[in-house]
Structures are given as structure tokens and as C-alpha cells.
Amino acid sequence: MRHLLSPLDLSVDELARLLDLARDISKDPSKYGHVCDGKKIATLFYEPSTRTRLSFEAAMINLGGQVLGFSEASSSSASKGESVADTIRVISCYADICAMRHPKEGAPMVASEYSHIPIINAGDGGHQHPTQTLTDLMTIRELRGSLDNFTIGLCGDLKFGRTVHSLISSLVRYKNVKFVLISPKELRIPDYIRDDVLKANNCDFVEVENLEQAMPELDILYMTRVQRERFFSEDEYLRMKDFYILDEDKMALGKPDMYVLHPLPRVNEISVDVDNDDRAAYFKQVQFGVYVRMALILTLLGLDTVVNPSLAHVLDSLDA
Amino acid sequence: MRHLLSPLDLSVDELARLLDLARDISKDPSKYGHVCDGKKIATLFYEPSTRTRLSFEAAMINLGGQVLGFSEASSSSASKGESVADTIRVISCYADICAMRHPKEGAPMVASEYSHIPIINAGDGGHQHPTQTLTDLMTIRELRGSLDNFTIGLCGDLKFGRTVHSLISSLVRYKNVKFVLISPKELRIPDYIRDDVLKANNCDFVEVENLEQAMPELDILYMTRVQRERFFSEDEYLRMKDFYILDEDKMALGKPDMYVLHPLPRVNEISVDVDNDDRAAYFKQVQFGVYVRMALILTLLGLDTVVNPSLAHVLDSLDA
Amino acid sequence: MRHLLSPLDLSVDELARLLDLARDISKDPSKYGHVCDGKKIATLFYEPSTRTRLSFEAAMINLGGQVLGFSEASSSSASKGESVADTIRVISCYADICAMRHPKEGAPMVASEYSHIPIINAGDGGHQHPTQTLTDLMTIRELRGSLDNFTIGLCGDLKFGRTVHSLISSLVRYKNVKFVLISPKELRIPDYIRDDVLKANNCDFVEVENLEQAMPELDILYMTRVQRERFFSEDEYLRMKDFYILDEDKMALGKPDMYVLHPLPRVNEISVDVDNDDRAAYFKQVQFGVYVRMALILTLLGLDTVVNPSLAHVLDSLDA
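Note that the structure is a prediction, hence the values are computed from the model and not measured.

Parameters at a glance
Throughout this description, residue numbers start from 1 for each chain and increase along the sequence as written. Each chain takes a letter, starting from A, and each ligand takes a number, starting from 1, following the order in which they are written. Reporting in this predicted model follows two pLDDT cut-offs: at least 70 for local features of residues, and 80 or more for side-chain atom pairs to be given and counted; totals over whole chains, interfaces and linings ignore these cut-offs and use all residues. Heavy atoms from the whole structure form the basis of all side-chain values; hydrogens and water molecules are not counted. Paired strands are those between which DSSP finds at least two bridges. Helix and strand definitions follow DSSP, with helices as H or I runs of at least four residues and strands as E runs of at least two, each counted in order from the N terminus. Under this scheme, a helix contributes an axis fitted over its contacting stretch, all axes are lines through C-alpha atoms, and angles between N-to-C directions fall in the 0 to 180 degree range. We call two residues in contact when some of their heavy atoms are within 4.5 Å. Each angle gets one of four labels, with under 35 degrees taken as roughly parallel, over 145 as roughly antiparallel, 65 to 115 as roughly perpendicular, and the rest as oblique. Each crossing is labelled by how the near helix is turned from the far one, with a counterclockwise turn of less than a right angle marking it left-handed and a clockwise turn marking it right-handed. Throughout this entry, Asp, Glu, Lys and Arg are counted as charged residues, while Ala, Val, Leu, Ile, Met, Phe, Trp, Tyr, Cys and Pro are counted as nonpolar. The remaining residues, Gly among them, count as polar. Site definitions follow a grid-based scheme: protein atoms alone, a 1 Å grid, a 1.4 Å probe that fits but cannot get out for cavities, and for pockets an open set with protein on both sides within 12 Å along at least five of seven lines, plus lining residues having an atom within 4 Å of a point. Grid points are joined across faces, edges and corners, and a volume is the space filled by probe spheres set on the points. Alignment of the copies relies on least squares applied to C-alpha atoms, considering only residues that score at least 70 for pLDDT in both. In this analysis, rings of Phe, Tyr and Trp, with Trp reduced to its six-membered ring, are considered paired at centre separations within 6.5 Å, and the interplanar angle assigns stacked below 30 degrees, edge-to-face beyond 60, and tilted for intermediate values. Burial classes: relative accessible area under 20% of the type maximum marks a residue as buried, over 50% as exposed, and values in between as partly exposed (1.4 Å probe, protein chains only). Any Lys NZ or Arg CZ that is within 6 Å of a ring centre and within 35 degrees of that ring's normal is treated as a charge sitting over the ring. Definition used for salt bridges: Asp or Glu carboxyl oxygen within 4 Å of a side-chain nitrogen of Lys or Arg. Once two parts are brought into contact, the accessible area they lose, counted with a 1.4 Å probe and summed over both, makes up the buried area. Bear in mind that the domain bounds are from an automatic or database domain assignment. We call two N or O atoms a polar contact when they sit within 3.5 Å, provided that within protein one can donate a hydrogen and the other can accept it, with sequence-adjacent residues counted only if both atoms are side-chain atoms.

Residue and element names in this part refer to chain C. Pairing within the open sheet is parallel, and its four strands lie in the order β2-β1-β3-β4. A single partner strand is all that each edge strand has here, and the edge strands are β2 (66-70) and β4 (119-124). Ignoring strand direction, the axes of neighbouring strands in this sheet form an average angle of 15 degrees. Relative to β2, strand β1 (residues 40-45) runs parallel, the two sharing five bridges. Looking at the pairing, Thr43 lines up with Gly69 of β2. Together, β1, β2, β3 (97-102) and β4 form the strand contacts of helix α2 (residues 50-62), whose direction differs from that of β1 by roughly 175 degrees. Packing against the sheet, helix α11 (residues 282-300) makes contact with β1, β3 and β4, and its axis sits at approximately 140 degrees to β4.

Glancing now at the packing of helix α1 (residues 12-27) of chain A against helix α11 (residues 282-300) of chain A. All names here are of chain A. Axis separation between α1 and α11 bottoms out at 8 Å; the angle between their running directions is 120 degrees. In terms of their interaxial angle, α1 and α11 are classed as oblique. Between α1 and α11 lies a crossing whose hand is right-handed. Here Leu18, Leu19, Leu21, Ala22, Ile25 and Ser26 of α1 come into contact with α11, specifically with Tyr291, Val292, Met294, Ala295, Leu296, Leu298 and Thr299. Its residues placed into classes, the contact of α1 with α11 shows 11 nonpolar, two polar and no charged.

What follows is about the side chain of Asp277(C). By the element assignment, Asp277(C) lies in the loop between β9 (259-261) and α11. In contact with Asp277(C), not counting residues within four places along its chain, are Glu248(C) and Met251(C).

Let us now look at empty space enclosed by the protein. Inspection of every chain in the model, using the stated rule, returns six cavities of 30 Å³ or more. A volume near 750 Å³ is recorded for the largest cavity. Every residue lining the largest cavity is counted, 37 residues in all, and those nearest its centre are Arg53(A), Arg53(B), Gly69(B), Arg53(C) and Gly69(C). Within the residue set of the lining of the largest cavity, elements represented by two or more residues are α2 (50-62) and β2 (66-70) of chain A, α2 (50-62) and β2 (66-70) of chain B together with α2 and β2 of chain C.

Here the focus is the relation of the copies chain C and chain A. If you rotate chain C by 120 degrees and push it 0.0 Å along the axis, it lands on chain A with an RMSD of 0.0 Å. Viewed as a symmetry operation, the transformation between the two copies matches a three-fold axis. Across chain C, the rotation axis passes nearest the C-alpha of Gln66(C), at a separation of 5.0 Å.

Here the focus is the packing of aromatic side chains. According to the stated counting rule, one finds nine aromatic pairs over all chains in the structure shown. Note on Tyr46(B) and Phe70(B): the rings are 5.2 Å apart at their centroids and 85 degrees apart in plane angle, and the pair reads as edge-to-face. One end of the pair, Tyr46(B), is in the loop between β1 (40-45) and α2; the other, Phe70(B), is in strand β2, and 24 residues separate them in sequence. Each member of the pair, Tyr46(B) as well as Phe70(B), is classed as buried. On the numbers, 6.0 Å between centres and 55 degrees between planes, the contact of Phe243(C) with Tyr244(C) is tilted. The exposure class of Phe243(C) is partly exposed, given its relative accessible area of 24%. A relative accessible area of 2% places Tyr244(C) in the buried class. Its guanidinium or amino end placed over the ring of Phe56(A), Arg293(A) lies 4.9 Å from that ring's centre, counting from NZ or CZ.

Counting across every chain of the model gives 51 salt bridges over all chains. Asp20(C) serves as the salt-bridge partner of Arg141(C), at 2.8 Å between the closest nitrogen and oxygen. Here the residue Arg141(C) occupies a position in helix α5 (residues 130-144), and Asp20(C) occupies one in helix α1 (residues 12-27), the gap between them amounting to 121 residues. Exposure remark for Asp20(C): the relative accessible area of 29% places this residue in the partly exposed category. Residues Lys255(C) and Asp219(C) are paired through a salt bridge, measuring 2.8 Å at the closest nitrogen-oxygen approach. Highlighted residues: Lys255(C) in the loop between α10 (248-251) and β9 and Asp219(C) in the loop between α8 (211-214) and β8 (220-223), separated in sequence by 36 residues. Given a relative accessible area of 27%, Lys255(C) falls into the partly exposed group. Take Asp219(C): its relative accessible area is 12%, and that puts it in the buried class. Through salt bridges with shared partners, a single ionic network connects Asp86(A), Arg89(A), Arg266(C) and Asp275(C).

Before going further, it helps to examine the relation of the copies chain B and chain C. Here chain B sits on chain C after a turn of 120 degrees about the axis and a move of 0.0 Å along it, with an RMSD of 0.0 Å. Mapped onto chain C, only 8% of the interface residues of chain B are again interface residues, and the two copies thus contact each other with different surfaces.

This part takes up the sheet that holds strand β3 (residues 97-102) of chain A. All names here are of chain A. With parallel pairing, four strands are arranged side by side in an open sheet as β2-β1-β3-β4. With partners counted over all chains shown, the strands left at the sheet margins are β2 and β4 (119-124), one partner each. Pairwise comparison of adjacent strand axes, ignoring direction, gives a mean angle of 15 degrees for this sheet. Examined bridge by bridge, strand β1 (residues 40-45) and β3 share five bridges and lie parallel to one another. In the strand pairing of β3, Ala42 is matched with Cys98. Sitting on the sheet, α2 is in contact with β1, β2, β3 and β4, with an inclination near 175 degrees to β1.

Contacts between the two partners involve 25 residues from chain C, matched on the other side by 19 residues from chain A. In total, about 2000 Å² of surface goes out of reach between chain C and chain A, with carbon and sulfur atoms giving 52% of it. Of all residues in chain C, Leu54(C), Ile61(C) and Phe283(C) give up the largest surface area on contact with chain A, accounting jointly for 26% of the area buried on that side. Here chain C and chain A share three salt bridges between them. For Arg51(C), the salt bridge identified is with Glu82(A), shortest N-O distance 2.6 Å. Elements represented by at least two residues in the side of chain C that touches chain A include exactly α2 and α11 of chain C. Sorting elements by how many residues they give to the side of chain C that touches chain A places α2(C) first, with nine residues. A per-class count over the side of chain C that touches chain A returns 10 nonpolar, seven polar and eight charged.

We now examine the domain arrangement of chain A. Interface size is often expressed as the accessible area that is lost when the parts come together. Residues and elements named next belong to chain A. Under the domain assignment, chain A is made up of domain 1 (7-128 + 289-300) and domain 2 (131-280). The gap between the C-alpha centroids of domain 1 and domain 2 is 27 Å. Contacts between the two partners involve 28 residues from domain 1 and, on the opposite side, 19 residues from domain 2. On the domain 1 side of the contact with domain 2, Leu19, Arg23 and Arg51 bury the most area, a combined 27% of that side's loss. Seen at the junction of domain 1 and domain 2, the total is two salt bridges. Counting across the interface, domain 1 meets domain 2 through six residue pairs in polar contact (both at pLDDT 80 or more). Put simply, the parts of the chain that give the side of domain 1 that touches domain 2 at least two residues each are α1, α2, β4 and α11. Top element by residues in the side of domain 1 that touches domain 2 is α1. It accounts for nine residues. Here the residues of the side of domain 1 that touches domain 2 are counted per class, giving 14 nonpolar, eight polar and six charged.

Written out as C-alpha cells, the structure reads:
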């Protein structure tokens, strides 16, 4: 039984094969339209996340499979006091694979210990959201051709943003990736990322406050939202907020082959006038997210080589 | 890219072809059971409307397609501040067509401007609900054989009822339709319907207060609900409420080939003893609603001539 | 038109044939994977019950069919004042069969009177929950080989627990079933079960307070939850609560071929250390629940002999 609880559950080699499969799917999704005929995914969303839930559902339907589940806890047995362990043993009787979103860190891991079917962590509190990271990695790889040799700017709330932490932790495994960490002082990356991840891997990184100054050197700009309430004072917020809003003026400072990513939803941190810039890749990213989830479902179900046997089996050593 | 935002997006000719297709479907729905194999509809319901949502879902499933979506805004990304424009660009990566219900007027139109897939307005505030109008038109056409040459009574709240306004606006395009507008004075049709639609099209219409007196001349009676709180005073409500409740006594005054329609849900404006009258057509109307939505989905996806090539392409000039 | 409103709607013979079909399904579910191609079940859940809803949905999908519906009343037309009678006439236009959960006793029966499609009562208030009873009966039959000649202990809240009442009412129809009713005094079975069901059928039964003492003679132990607020006093609760918590110490007193059932969700009335005991059958029960619902759907749709003609038609005389 294999699960995906953290993006680091996959080795670099396993990930390469998963992303190869996702690329093969992206070229002709219809080729994979019946691989999961008769299979079911359970989407257990203990807190709402429409985008993520529908991405999993679209992925499974694209593969010929079916969907059941719930979109918020009030509709679930959790409100009657059932444990996650019991719920997943029940769901194991209903479905072939499960995507679980839960407000509590570690809930999907607990589920995986009792489950008879593969569990995909679809976000557990501020902890992990591995399919977002897989999506980010596929997007960078498809746009640039490789996950090696580039400079990525990560901009916004680097302190609380779990997608940023996961992405950094994944990218340090590739060659010659330089990190430009762009945030207000109070929202810098936490020590355990700076010391235990970046420094421990001898990565090249800088911490800066100003997006504008960083723009010219970036190959990828990964934007996230800065929430007003995260600033120490209103004055500080007013002084700095424009630093972290991407608009066409700032885009003009970027390379012609730089790409902008965002995990979405965005509120106002990317101005809508950027949407028409060819370098805006955040909606393409959504499409890649469906393909990478299709690849993941196939892999965890052991169906990854059914269509294309030349894609060798992907997740041999993935630890449950 | 074609959308359906208002019932008037369809010309009389286009509508005739759509209703021909719906009729063909109604004769043998199973013939169309696989036309949408591999297709998905997204049902984005920012406010609950079970009947409408399930009608779209049944329609898509009847065509061999699949469904994803949400049934109320609390489960959606809207609660995180995402714009409709962003949401629909995301959904465009997940589905082939979208039915959107939204409490704000114009939201589906905004969506259509950013969407890569056809948008069907499934009701936007008090504004439009075009598939209800298509349902009403199909029902009248199937029951009477034609949309020309008949007298329709529209009874109840004619001031706020959007289904009534849309139906009138559609019917003025047919020949020799006479309108009997039956309502309390304070719930008469608004000026922009009376002047800009009925008078502007030289239609024959009368405004009356009493359903009983109007009954004998009607070919179609379209009932809607009169809400107590819409009356100026409790006295007025008590004096008039029975005028707008259809029962078997009033039915006895109607023609033997008159039909009663209602957009549902009804509360008490049609007495349940009318349900067994052969002229009660409001549940047949629900069934026609599924067929006309099947025809609409096929048409917007360009699949309307797949099964029956003799039904010429329907919506050539439909404006997105 | 046939419905399932109460477990007693099925005669002993009909039930035997239904359980034979469920057993045949359990041996090779894939054989039944396309029997309901093109069919739809509507799951109308006016109150949430994830386990039951998903069991029906999994059952229908396993048969090749599709699902539509709602998981709580706030998403339904009920909130606009529509009657169950009207709702089911609408749903009859959308689906081929309906599973209804409703907080009011008798709602599914009312629905059945107006429906054009089979209605399955998926729980109506404290009244009936017949598919739970079918699940319980299948579990006992599969584990023991027969529904005759055994001793069943029913433990916990026997006063308010509808699953217990339904199960007793069904089991009295079999030969030589002995009942051990284990509960605090204030939560004993009601008189109408003791007198009109057990005594009226000349059943062998005893009422006891202590699970431990009853254990050695049981072939089946059916556990249910005892809610704190159901006790007369806190003192009484503290004195008695451990009597009704099943743990490995109590399991040690049971026969080696005794089985433990529970309708789930459990809270703390079965200690988790019991889960690994081979005699713990409550998660197997969940799987049987899917198979028996598959058999029920096939039966009510008249498709029960499509795959295996030797299973004679099941529900000939079932009364709508």
C-alpha cells in the first residue's frame, strides 16, 4: 500500500518518472480516458477547498473513474464524533483511493495507518499540501524543460505559507537552483527552512524586502498573498504592501522568458493586467495540476504503465 | 465559444431548432446516451437550487457525461475572496461546459468573458433564468403543437417574478399570442415589460385582478406564487389571496384543453386536488426541462447533429 | 412500483433471495459492474449521514450507474417550503431510484405514495433504517452461515436505538434465536418490542444489566452506544458506564467463534484494542452493507436476475 503524505515521499527519480507520466498524459489525455474504468476516488474534504477537490475529481473522471465524498465536515460522520481511523476503514470499503483534506496536521498520516486504500494528503492544516508542490514542479519543468539551473523568486508571506516551504524543500534536491526570498521582515522564512533546508543543502539564497529590485534576475517568480493582519502595524502594512503586488510595471523589469506562478486563489497580489502577459503561468498551472493528479492516481493504483509501458514503474520504494 | 446568458440570445429560428432537438431526445433519450461520453459539466451553484442543479446533472448524465461542482457558496473558493473571473478560468481546466447560478446579476456574463468553455446562466439574482424559459417554451410547444396563436394567462406576482418577465419577452416574438396578466394591483408587471416589450411589439394584452373571471378564455395558465409580504397590508392580503389560489373549482371554469404550468416549487398557490387533473402540466414541465437542457448542452458543445444530422446546426449566430 | 420502507416489507423468503443475490455479488462484484449502466440513483439526504449516503453511492457506482442528489436539507428545495410529495415527483423525472434520509418519521412513505420510481428509506427519524437491518442480517448470515439457531446479545441503549428494534423485529422470524438484552434499567427495550414482538412470537429472551456476565453464551454481540445524557443521574452513569464498554478483557470471556457487530459510528463503546481481534466484524459489516445495497437496487429495479438467472425473482409480493 502506497500513499502520498509529503512531497518528499517521492525520491528525485520517482518524481522524474511521475512527471514524465504527467507529461505523456498532457500530450493526449484521451489516451488515458479508460484506465480507471470501474475505479472510485473518495474526496474527503473536512474543510472546503473547491479548487483542490475539483482538480482531483476532474483527474479521476478524465481517467474514466468515478467520484464520491463530501466537501465539508458538517456533512460527515466526524460531526458524530467518529475518529479519522474509523472513517477511513469505512471509506476503504467504498473506494479505491482517497484524497483527504483536513484542518488538523497529521490527519492524513493517521488515516494512512488504518487504510486499505492509498491516501493522498490534499492539505493538512498549515503542514503539507503535496499535490500543490507536484503541480508547481511540473509547471516549472514544463515551462523551462528542467528543474535544474535556474533562479526562483518566492515572494510574499514566506513565514506561514506552506506551499512555499514545501516547494523550497523539494527544489533543494535539484542542481544549481538559486533562491531569492522576497518578503517583509516579519514574514521571512522560518529558521527551520533557512537552516535545516537551505543551508544544510548548501543552497545559494538571498533574503530581500523588495520585489522590484529582485525582478531582473529571476527565471521563475512564485507569488503568494500577504495578508494585512500578518503585519506588525498598519503603518508597516501601508509602507510595504505595494512591494508585494505584481503589476505590469514590475513585469517590465523581468526577463522575457521569466514565468509567474501562484498557487491560487489570488486576491490582489497580482494585478489583473498581468493576466494577459505571456509570462503569466498561473492558469496553465491549474491545468498541469489536473495532469499531475492523474499521473499520481495512476501511480498509486499501480496503473502507471498500463498505457505507456516505456514509462517504468514509478513509485517502487514509496513508503506508506 | 457560445454561451446562454439570456433566453433572447437565441433567435426564433435557433430556438425552433433547439426545441426540435429536445423533442427528438424526448422520443428516445437512450439514443443520446453516449453523445457526451468523456465530457464533464461543472455545476457552480453559488446559491442552492436543487431542482435546477439536479436537472442539469440529470441532463449531462443522460448524455453519458459526468458532473462536478458545488451546491452552495460556502463550499467554494468565493469564500476566500476569489473573483468569478478567476474561478471560471480554473473551472475551464476541469470541465467542458458550465452551468452557473449566482445571487448577483451579471455574474454569468462576467464569467463568459473569461471562460474557455460555454457558460449557461442557471439563474442570476432576479435577472435571468433562461433554461426555465426554454423549459416553459418547450412545454407549451409540446402540449399545443405550436408557439403561435394562443392565449396565455400569467397569474400571481408579475412584478418581481423573473420567470414571468423572461417568458413574456420570449413569447412576444411569436404570432398572435394574447396575454392576460392576472395580479393584485401592487404586483402588476413593471413598466419596462408593459411598455418596452408588450406595447413595443403591438401585443394584445389585458391586466386583470381576478383569476376566476379570466379562466374561460385561457389556453395556457402560468401560475406563480404570491408572497404574503409583497402585499401593502394584511387586510389587502386577506381580501385577495384566494383570487390567486388555483383549485378544482376554478379549474372547472377553464377550457378542456387548457394547460396549467408552474416553474415550481409551489407552496399553496395550486391546490393539491388539481394535481390529478389531466390539464395539470407542471410535473411534465420538469421532464421537459431535462430534455431541453440535454438539447442545450449538445448545442453549446457543437454535438447537436451527431445523432440526428437532419437537425441542422442550431446556434450558429449565438453571441458569446 | 416497489419500495423498501421497513425491513418487514420483505418476507423471509424474499429476504433469503435478496441475501443470496448479495452473496453472489460479494463473490465477484465486477460481474455486476455494468448491470445499471445508464441508471441513476438520487440520494436525497435531508439530514447528513455520510456513511449511509456513500454506501448507496458506492453501491450504484459499482453497478455501473450514476449518482445525483444532496447531502443536507439546506441545499434542497425543502428550504423553500416544497412538500416531500412535490420533491419526489420532480426527482422521478431525474433518476431511476431514490434513497431518502429524512428527520421526520414517515417522510419516505409519503414520498412512495407520489413517486414514479422506487423509494428506499435510508432512515426516517427514530423510526426505521431498513438497509442497516439488511446489512446486519447479511453480516450474521455470512459469518454464521445461517440466521437460525444462535444467541444474540444486544448491548447498550435498547430504548431509543432504532437499529436494535428493527433487528429484533426481523430476527424473531427465524428459528431458535435467543435474545440477551443488555442495558441499564432506564434504557431497556420498550414495551411494544418486549410484548408485541418478543413475547408475541414466543421468543426466548432475557434482560440483564451486565455485559460481562452475558458474554460466555453469545454467538453474536451487537453493540450500540450509550449516551451519557440518557442516564437518570451522573452517579448512575459513572457506576454503569464501564458495563457497556467492550474491551479485550471482556472479549476474553466470549466464545472463540463469537462475532461483534456495531452499526457505526462508534465513539468509545468498543475499545480500539478490540479492532484487531478476529471476532471484530464491524468493518466487514460495512463492506456487506455495500453488497446488500447493490442487491437491493438491482431487486427494486427488476434487474436482480440479469447476471445470474438462477437467483429467482426476489421481491414479487413486496408492497409499495
